[in-house]
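Geometric and topological summary
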Amino acid sequence: MTTQGTGPIAVFGATGQQGGAVVDALLGRGARVRALVRSPESDRARALADRGVELAAFRIGDPAPLEAAGAFYFMTPEANTPEETEQEAGLGTALVDAAVAARVPHVVFNSVSGAEHDSGVAHFASKGRVEAYLRQSGLRATMIRPTAFMESFAHVPMTVQDGVLVLKMPLPDGVGLKMVALRDIGTVAAALLLGAADVPGGAVEVVTDQLTGSQIAAAFGAHAGLPARYEALPLSAVTDAEDRAMFRWFALAATHPSDLAAVRAIEPGAWTLADWLRSTGWTAPADPARS
Ligand SMILES: NC(=O)c1ccc[n+]([C@@H]2O[C@H](COP(=O)([O-])OP(=O)(O)OC[C@H]3O[C@@H](n4cnc5c(N)ncnc54)[C@H](OP(=O)(O)O)[C@@H]3O)[C@@H](O)[C@H]2O)c1
C-alpha cells in the first residue's frame, strides 16, 4: 500500500451526494479535509466548515486550492445534454490539470461503472474521457466506478396494490442490477485516499449488491412487511434516449464480472440493499384500496 502525502485530503463535490459521503467517511476516520467549493458562503459549504472542513474557493484553471494536498478526490456533476457532457469532460480534465500543476501525490476520480466500455451512454463516455486524460497525466491515479445508487430507488415508481408492493423498472427480470449506497462510495474512496487500501489496475467498480427486479421488490416488501411483485417494463417505456441507453447498458453490465468481492475486501461492512433500507426508515406508499 502506498503512503499518501501528509496534507489534508482535497475533495471536489463535497457539498453534493457522493463527495458528501466521502467527506463523512474521511472525517469518520479522523482525516483532515479541504473542500474545493464554488461558493464558500453557501449554506452547504458553511455546514462543512462547521464540521471542521477547511474551505477553499475553486476556480477552473487555478491549482492553488490543491497545493500541499495529501490526496485529491473529484467527481463530475450530472450531465444530461450534449453540451453538459462536453462541460463535464472539460471540468474533469481541468481538475486533472490543476492536480498536475499542484503535484498531488494521489488522485481518486469518481467515475462510473461503464466508463471503461463503449456503453452507448453519453455521460459515461464523458467520464471515460476524463479517466483517459487522468491516466496519461503521469499522476498516480485510481478510478472508482460506482454502479446505480440505491438512493435512486426514491425515483422508481413503487406502488401498493391490494396489499402487494409493486415495483416497475425497464429492466428484464432475471437481470442482476449492480448497485451501491452513497455511504459506501464514501467508505471506499476514503480507504483509497488515506492509503488504507489499493486496487489492482488502479480501478474498481463500486458495487455492494446485485439483485434482479424480483429480488429488489422482495427486499422492499420484506422491509415493509408486504408481499411484493416485480413488473418489467419494455425499454420503449423510457422516453429519454439517454436513460434508455443507460438501462440497456445496465442489462449488459449484469453479464460482466462484478467487483463485489474487491469492494468487500476494502469495506467488509459494505451495505446490501436490505442494510441500506434499514438505514433509511423507508415506508411503503399508501394502498389506495385500503385508504
Ligand atoms: N444516480 C446514479 O445512480 C449514479 C450512479 C453512478 C454515477 N453517477 C454520477 O454521479 C454524478 C453526480 O454525483 P452527485 O449525485 O454526487 O452530484 P450532486 O449531489 O449533484 O453534487 C454535485 C457537486 O458538484 C459541485 N459542482 C461544481 N461545479 C458544478 C457545476 N458546474 N454544476 C453542478 N455542480 C457542480 C456541486 O457544488 P455546489 O453546487 O455546492 O457548488 C456539488 O458539490 C453524475 O456525474 C452522475 O452521472 C450517478
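Our structure's up above, just so we're on the same page.
Quick summary incoming for the structure in this document. Values in this document were obtained by computation on a predicted structure and should not be read as measured data.

Analysis parameters
Residues numbered from 1 in each chain as written. Predicted model: local features only at pLDDT ≥ 70, side-chain atom pairs only at ≥ 80, totals over all residues. Heavy atoms only, no water. Helix = DSSP H or I, 4+ residues; strand = E, 2+ residues; numbered from the N terminus. Rg over C-alpha atoms; globule rule 2.2 N^0.38 Å. Buried < 20%, exposed > 50% of the residue type's maximum accessible area, 1.4 Å probe, protein only. Areas by Shrake-Rupley, 256 points an atom, 1.4 Å probe, with all protein chains shown as cover. Pairing = 2+ DSSP bridges. Core = buried A, V, L, I, M, F, W, Y, C linked by side-chain atoms within 4.5 Å. Contact = heavy atoms within 4.5 Å. Near = heavy atom within 4 Å. Polar contact = N/O pair within 3.5 Å; in protein donor to acceptor, adjacent residues only side chain to side chain. Phe/Tyr/Trp six-rings, centres within 6.5 Å; stacked < 30°, edge-to-face > 60°.

A look at the overall build of the protein chain
- Assigned secondary structure in the protein chain consists of nine helices and 13 strands.
- Since a compact globule built from 291 residues should have a radius of gyration of about 19 Å, the 20 Å found for the protein chain is in line with a globular shape.
- Its C-alpha atoms give the protein chain principal-axis dimensions of about 60 × 40 × 35 Å.
- The burial tally for the protein chain puts 51% of its 291 residues in the buried class.
- Accessible surface, the protein chain as shown: approximately 12900 Å² in total, 53% of it carbon and sulfur.

Structural notes on the pairing of strand 8 (residues 158–161)
- Alternating residues of strand 8 divide into Met158 and Val160, all buried, and Thr159 and Gln161, none buried.
- In the sheet, strand 8 pairs with strand 9 (residues 164–169) via four bridges, with the strands oriented antiparallel. Residue Gln161 lies in a different strand from strand 9, and its bridge partner there is Val164.
- The hairpin formed by strand 8 and strand 9 contains two residues between the paired strands, and Asp162 there has a positive phi angle of roughly 50°.

Some details on the nonpolar core
- Formed by 59 residues in total, the largest nonpolar core has its most connected members in Phe72, Phe74 and Ile144.
- Broken down by element, this core gets its largest block of residues, eight residues, from helix 5 (residues 182–193).
- With near-sequence residues (within four places) excluded, Ile144 lies in contact with Tyr73, Val108, Phe109, Asn110, Ser111, Val112, Ile185, Val188, Ala189, Leu192, Val204 and Val206.
- Leu177, Leu211, Ala219 and Leu277 belong to the second-largest nonpolar core, a separate cluster that totals 33 residues.

A short note on unusual backbone geometry
- Unlike most non-glycine residues, Ala68 shows phi in positive territory, near 65°.
- Positionally, Ala68 belongs in the loop between strand 3 (54–57) and strand 4 (71–75).
- One non-glycine residue, Arg103, lies in the positive phi region at around 50°.
- Among the structural elements, Arg103 can be located in the loop between helix 3 (82–101) and strand 5 (107–110).

Considerations on the site of the ligand
- Around the ligand, the structure places 21 residues, and the nearest of them are Thr15, Gln17, Gln18, Arg38 and Thr76.
- Within the backbone of Gly16, a nitrogen or oxygen atom sits 3.1 Å from an oxygen atom of the ligand.
- At 2.8 Å from an oxygen atom of the ligand is found a main-chain nitrogen or oxygen belonging to Gln18.
- The set of elements that each furnish at least two residues to the shell around the ligand consists of helix 1 (17–28), helix 4 (122–135) and strand 7 (148–149).

Observations regarding the sheet that holds strand 12 (residues 209–211)
- Strand order in this open sheet of three strands is 7-10-12, and the pairing throughout is mixed. On the outer flanks of this sheet lie strand 7 and strand 12, each paired with one strand and no other.
- Two elements, strand 10 (residues 177–180) and strand 12, share three bridges in a ladder whose sense is antiparallel. Paired with Leu177 across the two strands is Leu211, which belongs to strand 12.

Digging into the packing of aromatic side chains
- Tallying each qualifying case throughout the model produces six aromatic pairs.
- Each ring, one from Phe247 and one from Phe250, has its centre 5.4 Å from the other, and the planes form 85°; the classification is edge-to-face. Residue Phe247 and its partner Phe250 are located together in helix 7 (residues 241–253), separated by three residues, close to a single helical turn.
- A relative accessible area of 17% places Phe247 in the buried class.

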